[in-house]
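Summary of structural features
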Amino acid sequence: MKRKIRMGMVGGGPGSFIGAVHRMAANLDGQIELVCGCFSSSPAKSLETGRSLFLPEDRIYATYQEMMEREAALPEGERMDFVSIVTPNDMHFAPAMLALEKGFDVAMDKPMTYSLDEANQLRDKVKESGRLLLLTHTYTGYPMVKEARERVRRGDLGKIRLVYVEYPQGWLYTDCSATNKQAAWRVDPKRSGKAGCMGDIGTHAFNLAEYITGLRTEALCGELHTFVPDRLLDDDGAALLRYEGGARGVLMASQVAISQENSLSIRVYGEKGGLEWHQEEPNTLLMLWPDRQPEVIRTGGAGLSACATANTRTPAGHPEGYLEAFANLYRHFAATLQARLAGEEPRPEDLDFPSVEEGVRGMQFIEAIVSTNSSNQKWILLTD
């Protein structure tokens with residue numbers, strides 16, 4: 001008999017933005033329930049958050065180590081099935097590794113780890129343990145992103161020639177780290193890692209391009225910028241990309257583009273046609289043709305692929321937004337876990353969520369763009 005999947009959480013305490021998003025997304029389909037958590041490095045704040053979520057106090061933990069140990073000791077019918085890690089980057093690796101060692105599956109925010117070395121170690125541990133890892137590259141959950149991928153796959157665009165992906169934001173145009181908790185850790189190399197803007201949102205752009213096109217980036221030439229005085233990490237940057245098969249791309253990301261909110265956009269051009277998608281208008285996909293006007297494809301409309309339809313939640317004309325896309329990832333992850341618990345093979349469509357491999361790719365991207373920025377060498381190869 002199938003049941004709800006039991007989730008624990010590391011991070012997501014007072015002042016956290018992404019922790020609440022993960023909880024809402026996981027809860028949206030009624031397939032996952034939060035049963036425990038260590039929500040802060042402060043035991044008092046962890047207890048405060050757990051109480052606000054109506055968890056029993058014996059399932060609110062002071063440290064993630066205590067949580068893993070005590071949950072693993074519970075009967076199989078009570079303990080958590082997986083842990084969602086929603087901490088700053090420097091606290092992704094250790095709880096994820098411990099969870100895998102204790103037999104728990106893992107969901108986590110991106111970038112997957114603090115360094116490429118950690119990412120490779122985590123990939124090895126996932127393979128060794130046989131557990132699952134969900135990496136929440138949210139934008140791959142949108143119905144029109146899935147439709148775009150399907151149209152590329154079936155050859156509507158022909159061989160891909162060009163990929164342009166950009167992600168401008170403006171919220172870090174000035175130094176606000178003293179008053180903004182979300183800004184503080186993102187501009188701190190001890191917590192964020194080698195990259196600032198490129199690690200935070202550039203990885204989303206990189207992942208989106210590879211997801212839609214199905215092409216791996218083979219090499220890049222990039223430059224990073226830090227415009228805000230005394231900031232220690234990049235707040236802007238761009239890269240030229242070389243894809244397998246000969247396609248070429250341009251990626252830009254910025255967090256100092258004043259007035260830009262969350263303007264992730266992608267354009268893909270092939271030998272026969274092109275496509276265009278904008279995250280701030282996510283229900284619309286434009287198909288571009290050489291001999292006629294652009295074709296407007298809408299979420300919930302007729303003639304969509306099975307994949308896009310399966311990830312559409314509301315009738316046409318109703319916005320399918322960030323939380324719904326996020327929830328699509330958790331829904332597929334939960335369905336895969338449920339199939340495994342039932343001794344069944346998961347449906348292929350339920351395996352459509354970013355995993356540890358996408359996590360390693362993201363860290364390779366960060367490593368390469370930081371290296372090319374500080375080197376006189378023009379092109380840096382992305383290697384495993």
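Residues numbered from 1 in each chain as written. Predicted model: local features only at pLDDT ≥ 70, side-chain atom pairs only at ≥ 80, totals over all residues. Heavy atoms only, no water.

1. Some words on the overall build of the protein chain
- Check the secondary structure of the protein chain and you find twelve helices and 14 strands.
- Taken against the 2.2 N^0.38 rule, which gives 21 Å for 384 residues, the C-alpha radius of gyration of the protein chain at 21 Å falls within 12% of a compact globule.
- With the principal axes as the frame, the protein chain shows a C-alpha extent of 65 × 50 × 40 Å.
- Split into buried and exposed, the 384 residues of the protein chain put 56% on the buried side.
- Partitioning the intrachain contacts of the protein chain with sequence separation of at least 6 by distance along the chain shows that 69% fall at a separation of at least 24.
- Counting every atom, the protein chain has about 16,500 Å² of accessible surface; 51% of that belongs to carbon and sulfur.
- For the protein chain, the distance from the average position of its 42 positive side-chain charges to the average position of its 52 negative side-chain charges is 2 Å. (Helix = DSSP H or I, 4+ residues; strand = E, 2+ residues; numbered from the N terminus. Rg over C-alpha atoms; globule rule 2.2 N^0.38 Å. Buried < 20%, exposed > 50% of the residue type's maximum accessible area, 1.4 Å probe, protein only. Contact = heavy atoms within 4.5 Å. Areas by Shrake-Rupley, 256 points an atom, 1.4 Å probe, with all protein chains shown as cover. Lys, Arg positive; Asp, Glu negative; His and termini not counted. Charge placed at Lys NZ, Arg CZ, Asp CG, Glu CD.)

2. Focus on the packing of aromatic side chains
- Taken as a whole and assessed by the stated rule, the structure comprises eleven aromatic pairs.
- Between F206 and F365, the aromatic rings sit 4.7 Å apart at their centres with planes inclined by 20°, giving stacked as the arrangement. Taken together, the residues F206 in helix α9 (residues 197–213) and F365 in helix α12 (residues 356–373) connect sequence positions 159 residues apart.
- The class for F365 is buried, based on a relative accessible area of 0%.
- Here Y322 and F326 contribute two aromatic rings whose centre-to-centre distance is 5.7 Å and whose plane-to-plane angle is 75°, an arrangement assigned as edge-to-face. In this pair, Y322 and F326 both sit in helix α11 (residues 322–341), four residues apart, roughly one turn of the helix.
- Clustering of aromatic rings is evident, with ring pairs tying together F82, Y139, Y142, Y167, W277, Y322, F326, Y330, F333 and F353. (Phe/Tyr/Trp six-rings, centres within 6.5 Å; stacked < 30°, edge-to-face > 60°.)

3. Some details on the sheet that holds strand β8 (residues 236–243)
- Strands sit in the order β13-β12-β11-β10-β6-β9-β8-β7-β14 across an open sheet of nine strands; the sheet is mixed. In the strand order of this sheet, the two ends are held by β13 (295–298) and β14 (380–381), each with one partner.
- Relative to strand β12 (residues 284–288), helix α6 (residues 143–153) is tilted by about 25°, and along the sheet it contacts β6 (160–168), β11 (274–278), β12 and β13.
- Across the sheet, α9 touches β6, β7 (217–225), β8, β9 (248–254), β10 (265–270) and β11, and the angle it forms with β9 is around 150°. (Pairing = 2+ DSSP bridges. Axes fitted to C-alpha atoms, helices over the stretch in contact; angles between N-to-C directions.)

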